[in-house]
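These are the residues of each chain, in order.
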Amino acid sequence: GENVEQHPSTLSVQEGDSAVIKCTYSDSASNYFPWYKQELGKGPQLIIDIRSNVGEKKDQRIAVTLNKTAKHFSLHITETQPEDSAVYFCAGWYNNNDMRFGAGTRLTVKP
Amino acid sequence: DVKVTQSSRYLVKRTGEKVFLECVQDMDHENMFWYRQDPGLGLRLIYFSYDVKMKEKGDIPEGYSVSREKKERFSLILESASTNQTSMYLCASSPGMERPLHFGNGTRLTVT
């Protein structure tokens, strides 16, 4: 089926530590995997994405890695700050022209 | 910046009412989507549209319909609202397949 599974559902880290969120996707996913951040009262916003022709992409403190063989991709946030606290969603684009989302991870960064 | 505007932030409706949720995007995007967001369930796709007057069912279309008469506008219709449709509704658009989605800020609907 067309499914994206995300773990963990909640994650609490100390300010300055790293946070890692993992997602797996099913066979029929295509080649594009974005990550979204949702702050309270707002819609999800794209923070980083990766295409299947690369294994890793970085943008300052945020990185995404993709393992095509294992069909999983991960979000890495280094040197976490309280403003990183939010709900994070992974997603995958499926061949019938729609995007499917993981269930979300609530990240809390403690000062 | 792409702007996706949902007409209402909060709505309260009664059981059995017909409800219209409106969404407008300003970037001439081909694709538009309606998702429902519930705690622990993430974002679930209700309907999407890849062109004017075209629509496709998502995972949970029951009790909903959509309308896309113009490229920039995608409406979600609850034919007869029920309490289990109390939720956050998110509209999004994208320029095409394998491209980022741009979301509105959501409409929180309460059906009493």
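Above: the structure in question.
Bear in mind the structure is a predicted one, so any value in this text is a computation, not a measurement.

1. A look at the state of the cysteines
Right, on to step 1. If you walk through the whole model with that rule in mind, you get 2 disulfides over all chains.
Right, on to step 2. Covalent S-S linkage joins Cys23(A) and Cys90(A), the inter-sulfur distance amounting to 1.9 Å. The S-S bond linking Cys23(A) to Cys90(A) shows a torsion near -95 degrees; that makes this disulfide left-handed. Taken together, the residues Cys23(A) in strand E3 (residues 19–25) and Cys90(A) in strand E9 (residues 86–94) connect sequence positions 67 residues apart.
Right, on to step 3. Classification of Cys23(A) by relative accessible area gives buried; the value is 0%.
Right, on to step 4. According to the relative accessible area criterion, Cys90(A) is buried, its value standing at 0%.
Right, on to step 5. The partner cysteine of Cys23(B) in its disulfide is Cys91(B), sulfur to sulfur 1.9 Å. Taking the sign of the S-S torsion, about -80 degrees here, the bridge from Cys23(B) to Cys91(B) comes out left-handed. Note that Cys23(B) is positioned in strand E4 (residues 23–25) and Cys91(B) in strand E10 (residues 87–94), a separation of 68 residues in sequence.
Right, on to step 6. For Cys23(B), a relative accessible area of 0% puts it in the buried group.
Right, on to step 7. Here Cys91(B) falls in the buried class, since its relative accessible area comes to 0%.

2. Considering the environment of Gln6(B)
Residues and elements named next belong to chain B.
Right, on to step 1. With respect to the helices and strands, the residue Gln6 is situated in strand E1 (residues 4–6).
Right, on to step 2. Since its relative accessible area comes to 9%, Gln6 is described here as buried.
Right, on to step 3. Here the alpha-carbon distance between Gln6 and Leu90, two residues 84 residues apart in the chain, equals 8.2 Å.
Right, on to step 4. Ignoring sequence-local partners within four residues, the contact set of Gln6 consists of Glu22, Trp34, Tyr89, Leu90, Cys91, Gly104, Asn105, Gly106 and Thr107.
Right, on to step 5. Polar contacts involving the side chain of Gln6 include one to the main-chain amide nitrogen of Cys91, which spans 3.0 Å.

Here is what the cut-offs are and how they apply
- Residues numbered from 1 in each chain as written.
- Chains lettered and ligands numbered in written order.
- Predicted model: local features only at pLDDT ≥ 70, side-chain atom pairs only at ≥ 80, totals over all residues.
- Heavy atoms only, no water.
- Disulfide = S-S within 2.5 Å.
- Helix = DSSP H or I, 4+ residues; strand = E, 2+ residues; numbered from the N terminus.
- Buried < 20%, exposed > 50% of the residue type's maximum accessible area, 1.4 Å probe, protein only.
- Contact = heavy atoms within 4.5 Å.
- Polar contact = N/O pair within 3.5 Å; in protein donor to acceptor, adjacent residues only side chain to side chain.

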